[in-house]
Amino acid sequence: MSQTRAIKLKKAYQWRMPRWDDWSWGLFLLPALVVYTVFMAFPLINSMRLSLYTGVGLSPDRFIGLGNYIELFSNPIWRDRFLNALQNTFIFFGIHMLVQNTLGLLFAVLLSSSIKGHNLYRMIIFAPATLSVLVTGFLWRLILNPQWGALANLLKSVGLESWVQPWLGNPDINLIIISLVSSWQWVGLPTMMFLAGLLTISDEIVEAAYVDGGTAWQVFWKIKLPLLVPTMGIVAVLTFVGNFNAFDVVYAMSGVRGEPGYSTDIMGTFFYRAAIAGEHPVAQPNMGIGAAVATLTFMILMAGVSLWIYFSRRRAYDQA
Amino acid sequence: MRYKLFALLILIALLFSACAQATPEPPAAEPPAVEPPAAEPPAAEPPAAEPPTSQEQVTLTMGSWRVDDIEQMNRILSAFNEQYPHISINFDPTNPPDYNAVLRTQLEGGTAPDLFYLRSFSTSRQLYEEGFLEPLDDLPGLRENFSEATLSPWATEDGLPYGVPFIAVSHGIYYNQDIFNELNLSIPETWEDLLTTAQTIQDAGYTPFANASGDEWTIAEIVFMNLAPNFIGGREGRLEYLSGERCFNDENVVAAFQAVADIAPYLPAGQEALTYYDSQQLFLMGEAAMWFGGSWDIPFYESEAPDFGWSVFAVPPPAGNEAHVTFHMDAGMGLNATSQNKEEARLFLEWMTTPEFAELFGNELPGFFPVRNNPPQLANEHANAFLSLNEGRGQDVRWAWPVLLDGSPDGYTLMQNGAIAVINGDMTPQEAADSLQDGLAQWFEPAQNCQ
């Protein structure tokens, strides 16, 4: 008797009418949800919808299914540009991973070892990231000018005139140079993230390792680096997303056509020409194709980020 | 209560001013009925609309890609305002590379200017076909003052005009008079002479030509299409390519690409990475003796270096060919089909056909030539030097503009890529001509008979 009452009571407790408190959390989510939906999710979905339409101008209105994607992959004019931009973006990303993030790690380790004046170094390393890409891109373009650029003058003044090259005009190296300039500018961000990661490593572990006779190299390689892996993942994903959305540095240093001969054309500039600017001198954008390019970029990003989430979750699960 | 009254007053004031625009008189009797506490701010509104004459103040906006011309255009527009005091025009230019896209966005969003600059040929033709442009076949003064050929870049195939021809630009070779005097050089008469001259200049330690391919369009527009008419036989020759009588890889086109190859050794060191601005500076600083250029740069050189002695000569034809000048129809003026003030805008367009406007414009903006019949005498020495190139020479627009931009791959890009590849040694002139022919044959029917 008392047992059934207890069950009844429990049931009553379990099935009571939802009260205000149970849903109040939703209210707190609401502002972010509304902003996110209106400014992120809706444009994203709308741009995907747009990629299924064709027409002249800003509001393509003729539904053609996957026609834009078929055009993008079958018409050699579009296909060559797309594959070229995709390849260049991967090279761009690769150089950032190799140079920007490796240097970032190196700087972070040096800064965390509290060398003399590390605050100054930290400021210097981070300073370029506070400038506009258009400004730094333009300055680098001036520095690299083969006629009167600072670098050309420097080389000439030490008798190395034959080393002066049209660096930004050489399709074999200009993408690398632009990637390096971009790496130089943004190296402060991975530095800060790695530095923060290093600072969270407990001193006890590090000291214990030294007490056990570990060398500085062993401590870095066997203790600090493994503990930095989650940070590396985040840095890699941010670099990946940033590079696939990049536009400004190429725009500032070689123009929207990735001159010369599309050798520095990346997804961002390709998308800009397809969807917004068109090709000089006609300058007639094709919004449908542009939206298709944007959707494909989104899918590439989605695949990359999903992969990262999968592996980082699995890591967390394995450790647990 | 006060708020309600206030709101009511505003509503009435709005209604009043709206009615005042449509029908001047009747509502004027109404306000006093609810007016008593009229010390409030809305009272300020009705008087603004009070002098409802037919000469109401109208402000038009004008879209353009000429951000450099704000001051000059404002002077021209204020001259118009003096004659038509009730119309003022607000000149609001956009950066050139963004112009077409921005204009299209505005047209589709209904926020486009009343009047706007029109690119020549297919770009504007498309705007007209989509209904964004008002047809101007009944504009007084248009047909009387402009030739059929001048009207055609802003007219349908049947000759219905939708733009007032406005700006022509000329092309030639700028030269540094001091260097030419120093080296005792004379103006080259033939292409072969030009190359000899260039060699002499190079031997003297100067860069012969300031041109560079860092900005790719410059090679297409001010080098290749500047010299091409001399090699393909001007307008008549060009029309034969368009009709299919000639192939785009015939010996004339190969010769035009060969001409680009001829000047390649005389370009500045590192030209692959030098921009248009660098070229201008090289010429300005006297490091380069010549530069394939357009008349639109006259104001630049005059303002940057007033004492700099330079002039211009026409690209010389190869021995035995007739001489031609690329005199390009660059801009027309169009009327927004959805403008609220078409009547006033038409008055301005009509004014643009007068000799008065042509003279004012030609003198305010040297290097941009009015295209009216009987062009006025210009005051600027350099502008006259450019204009005099037309004497005794055939004239034509830039090769790629008519028709060849209408498909993909377009003739402009093909010519540009070919010319740059020839300069950099990546293609022979024959290969460049072949790629032009093959590219156009993909969509341009007359070129398809040539395989």
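Remember, it's a predicted structure, so these values are computed and weren't measured experimentally. Numbering of residues starts from 1 in each chain and follows the order in which that chain's sequence is written. Chain letters and ligand numbers both follow the written order, the letters beginning at A and the numbers at 1. Only residues with pLDDT of at least 70 are given local features in this predicted model, and only at 80 or more are side-chain atom pairs given and counted; all residues enter the totals for whole chains, interfaces and linings. Side-chain measures here rest on the full set of heavy atoms in the structure, leaving out hydrogens and waters.

## A look at the packing of helix H3 (residues 67-74) of chain A against helix H4 (residues 76-112) of chain A
Residue and element names in this part refer to chain A.
Then step 1. Here an axis means a line fitted to C-alpha atoms, over the contact stretch when the element is a helix, while the angle between two N-to-C directions is reported on a 0 to 180 degree scale. Strands are runs of DSSP state E lasting at least two residues, helices are runs of H or I lasting at least four, and both sets are numbered from the N terminus onward. It is at 5 Å that the axes of H3 and H4 come closest, and there the two elements cross at 80°. When the axis of H3 is compared with that of H4, the two are roughly perpendicular. Across the interface between the two elements, Glu71, Leu72, Phe73 and Ser74 from H3 touch Pro76, Trp78, Arg79 and Phe82 from H4. Should an angle lie under 35 degrees it is considered roughly parallel, over 145 roughly antiparallel, and from 65 to 115 roughly perpendicular; all remaining angles are considered oblique. In what follows, a contact means two residues having at least one pair of non-hydrogen atoms within 4.5 Å.

## Quick look at the pairing of strand E3 (residues 115-119) of chain B
Residues in a regular strand project their side chains so that they alternate between the two faces of the sheet.
Residues and elements named next belong to chain B.
Then step 1. Throughout this description, buried means an accessible area under 20% of the type-specific maximum (1.4 Å probe, protein chains only), exposed means over 50%, and partly exposed covers the range between. Along E3, 4 of the 5 residues are buried, which leaves the element largely enclosed by surrounding structure.
Then step 2. If DSSP finds at least two bridges between two strands, the strands pair. For strand E1 (residues 58-64) and E3, the ladder comprises 2 bridges, and the chain directions are parallel. The residue bridging Met62 from the neighbouring strand is Leu115, located in E3.
Then step 3. Bridging between E3 and strand E8 (residues 324-335) involves 5 bridges; their strand directions are antiparallel. Within E8, the residue paired with Phe116 across the bridge is Gly334.

## Some words on the packing of aromatic side chains
Then step 1. Only Phe, Tyr and Trp rings take part, Trp by its six-membered ring, and two of them pair if their centres are within 6.5 Å. Stacked means planes under 30 degrees apart, edge-to-face means over 60, and tilted covers everything else. Applying the stated criterion across every chain, the model contains 54 aromatic pairs over all chains.
Then step 2. Measuring from ring centre to ring centre gives 5.2 Å for A:Tyr310 and A:Phe311, while their planes differ by 70°; the resulting arrangement is edge-to-face.
Then step 3. Judged by relative accessible area, A:Tyr310 falls into the partly exposed class, the value being 47%.
Then step 4. Residue classification places A:Phe311 among the partly exposed residues on the basis of a relative accessible area of 44%.
Then step 5. Taking 6.3 Å as the distance between ring centres and 45° as the angle between the ring planes, the aromatic pair formed by B:Tyr174 and B:Trp291 counts as tilted.

## Concerning the layout of surface pockets
Then step 1. Only protein atoms enter the 1 Å grid used here, on which a cavity is any set of points holding a 1.4 Å probe that cannot leave and a pocket is any open set flanked by protein within 12 Å on both sides along at least five of seven lines; residues with an atom within 4 Å of a point are listed as lining. Grid points are joined across faces, edges and corners, and a volume is the space filled by probe spheres set on the points. Estimated volume of the second largest pocket: approximately 1100 Å³.
Then step 2. Lining the second largest pocket are 37 residues, and of these A:Ile77, A:Trp78, B:Gly407, B:Ser408 and B:Asp410 lie nearest its centre.
Then step 3. Within the residue set of the lining of the second largest pocket, elements represented by two or more residues are H4 and helix H13 (267-277) of chain A together with helix H5 (122-129) and helix H18 (411-423) of chain B.

## So, empty space enclosed by the protein
Residue and element names in this part refer to chain B.
Then step 1. This model, assessed by the stated rule, comprises 4 cavities of 30 Å³ or more.
Then step 2. Empty space within the largest cavity amounts to approximately 90 Å³.
Then step 3. At the level of elements, helix H4 (99-109), E3 and H5 are the ones that each hand at least two residues to the lining of the largest cavity.
Then step 4. Per-element accounting of the lining of the largest cavity gives the leading share, 4 residues, to H4.
Then step 5. Residues are grouped as follows: nonpolar covers Ala, Val, Leu, Ile, Met, Phe, Trp, Tyr, Cys and Pro; charged covers Asp, Glu, Lys and Arg; every other residue, Gly included, is treated as polar. Each residue belonging to the lining of the largest cavity can be placed in one class, and the counts come to 6 nonpolar, 4 polar and 2 charged.

Interpretation in functional terms is not warranted from these geometric data alone.
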